[in-house]
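Working through the structure, step by step
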Amino acid sequence: MKFDPAAKLQQSINLSAYDGVNPAISDSATFAFSRAELMSDTFEGKTEGCFLYSRHWNPTNQVLSSCLAAMEGTEAGWVTGSGMAAITSAILQICNSGDHIISSITTYGGTYAFLKNWLPKYKIETTFVDITDLKAVEQAIQPNTRMIFTETLTNPLLQVSDISELTKISKKNGLKLVVDNTFTPMIFSPHLLGADVVVYSLTKFINGKNDCVAGAICSSDEFLDSLIDVHSGTAMLLGPVLDTMRSSSIRKNLFTLHIRMKKHSENAMYLAKKMKEKGLKVKYPGLPDHPQHKTFKKMMNKDYGFGGILTLDMETTENAGKLMTAMQDDGVGYLAVSLGYFKTLFSNSGTSTSSEVPIETQKEMGLSPGLVRMSIGLDQDIELTWNKIKNCLNKS
Ligand SMILES: *Cc1c(COP(=O)(O)O)cnc(C)c1O
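What counts as what
- Residues numbered from 1 in each chain as written.
- Predicted model: local features only at pLDDT ≥ 70, side-chain atom pairs only at ≥ 80, totals over all residues.
- Heavy atoms only, no water.
- Salt bridge = Lys/Arg side-chain N within 4 Å of Asp/Glu carboxyl O.
- Helix = DSSP H or I, 4+ residues; strand = E, 2+ residues; numbered from the N terminus.
- Buried < 20%, exposed > 50% of the residue type's maximum accessible area, 1.4 Å probe, protein only.
- Core = buried A, V, L, I, M, F, W, Y, C linked by side-chain atoms within 4.5 Å.
- Domains from an automatic or database assignment.
- Contact = heavy atoms within 4.5 Å.
- Patch = residues over 30% accessible without salt bridge, like charges linked within 9 Å, V, L, I, M, F, W, Y side chains within 5 Å.
- Areas by Shrake-Rupley, 256 points an atom, 1.4 Å probe, with all protein chains shown as cover.
- Lys, Arg positive; Asp, Glu negative; His and termini not counted.
- Charge placed at Lys NZ, Arg CZ, Asp CG, Glu CD.
- Pairing = 2+ DSSP bridges.
- Axes fitted to C-alpha atoms, helices over the stretch in contact; angles between N-to-C directions.
- Left-handed = near helix turned anticlockwise from the far one by under 90°.
- Nonpolar A, V, L, I, M, F, W, Y, C, P; charged D, E, K, R; others polar.

Right, let's talk about the pattern of salt bridges for a bit. All told, the structure shown has 14 salt bridges when counted by the stated rule. Here Asp 99 and Arg 146 are joined by a salt bridge, their closest N and O atoms 3.5 Å apart. With a gap of 47 residues between them, Asp 99 in the loop between α4 (83–94) and β2 (100–104) and Arg 146 in strand β4 (residues 145–151) connect regions that are remote in the sequence. Take Asp 99: its relative accessible area is 12%, and that puts it in the buried class. On the basis of relative accessibility, which here comes to 33%, the residue Arg 146 falls in the partly exposed class.

And the structure:
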């Protein structure tokens, strides 16, 4: 039987534990202990299920985290105040000063900047590679390499990482494989393909409402325990905890994710095909001519499609700008960064979410200055949307 993340998520709810259909929101920073010994035992990590202080654990975040763990097929999860908090905490928990990281060169701009500009302060160096070139990945391994970092579907070039193959390389060399699955929740289950740690920006598809910033780390119990260890855990000590009000609200949105992912994928596929027919430079992993279409199909869970993100290469920043302005004026969506919203969002990657990447590197990795990344919304009448886009293309 194939793994179905939505079914697993739904099976993870245990109603009898709650008074209402949604669990009560924990409104406390600290928690009382019945006996003094219980408090000291908790500090020593000897107690199970005791809440100590909300930065460490709280009932609301624990509920959301266990939902995410069920969906990912991991033993554990921990939610954070942003996607960057999840990424940086996971990396800093794994790597020590003097370690080396191999990363996909196409990643979220913030991740790239963290690896490239921030980590060297602590003598952690990163080699950036084309993650679809497995030979290049192997060749980049050094004696001090600790981890491979990638995104299942990379931002903004939409390359597909072969998680099973990267797992083989990382296992053979004693490395940790950390995967950012933000673009493709439910579509891919990176842990079940072998990844050690899966990170998310919940801000995007998972929450889907653009009303908050949040993140998550899904992993083994052992990794999670180390992450929130009172004495040495990165998440516990850097403190990127998610507020419980937000946590509760994200959990409610999580239970419609499967329906939304299907619709995002259906609409993106429709537009990608139309753009292709029109001879436009469109990239979408659901199109058979996408270089990693087969890899995507090999790894995907059934039913959720090829995702909601496509890119359209308008060749110059000016053309991209004209198209995006016209599309916003005509109600196709919003000229805004971020993705996974119910309305279509578009931005010019090179001058926005990848602007942390130097122009020379952008060229090297094949990022066109005119690349428009589109996160396709939940439009009911996608044919009408296509007609609007065609009009905008004629104008620009
Ligand atoms: C947005 C994004 C992040 C960062 O998440 P925040 O919630 O904004 O901190 C990381 N990775 C990817 C792929 C993203 O799209």
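Still more to cover.
By size, the foremost hydrophobic cluster in this structure holds 75 residues, and its most contacted members are Leu 68, Leu 202 and Leu 254. The biggest single contributor to this core is helix α11 (residues 257–277), with seven residues. Among the domains, domain 1 (5–254) and domain 2 (257–395) are the pair contributing at least three residues each to this core. In this view, Leu 254 contacts Leu 9, Leu 64, Cys 67, Leu 68, Met 71, Ile 206 and Arg 260; residues no more than four positions away in its chain are not counted. Core analysis: the next-biggest nonpolar cluster, separate from the first, contains 35 residues, Ile 87, Ile 94, Ala 235 and Val 357 among them.

The subject of this paragraph is a negative patch on the surface. On the surface, a cluster of negative charge is contributed by Glu 48, Glu 75, Asp 221, Glu 222 and Asp 225. Structurally, Asp 225 can be placed in helix α8 (residues 221–227).

Bringing the sheet that holds strand β11 (residues 344–348) into the picture now. In space, the five strands of this open sheet follow the order β8-β9-β12-β11-β10, with mixed pairing throughout. Only two strands of the sheet have a single partner each, and these edge strands are β8 (282–283) and β10 (333–335). Two elements, β10 and β11, share three bridges in a ladder whose sense is parallel. Of the residues in β11, the one forming a bridge with Tyr 334 is Leu 345. Of the strands in this sheet, β9 (309–313), β10, β11 and β12 (371–375) are in contact with helix α13 (residues 317–329), which crosses β11 at around 160°.

As a further point, take the packing of helix α3 (residues 59–72) against helix α10 (residues 244–254). Relative orientation of the contacting elements α3 and α10 amounts to 30°, with a least axis distance of 8 Å. Crossing of α3 against α10: the hand is left-handed. Across the interface between the two elements, Thr 60, Asn 61, Val 63, Leu 64, Cys 67, Leu 68 and Met 71 of α3 pack against Thr 244, Ser 247, Ser 248, Ile 250, Arg 251 and Leu 254 of α10. Of the residues that constitute the contact of α3 with α10, the class distribution is seven nonpolar, five polar and one charged.

Just geometry here; none of it tells us what the structure is for.
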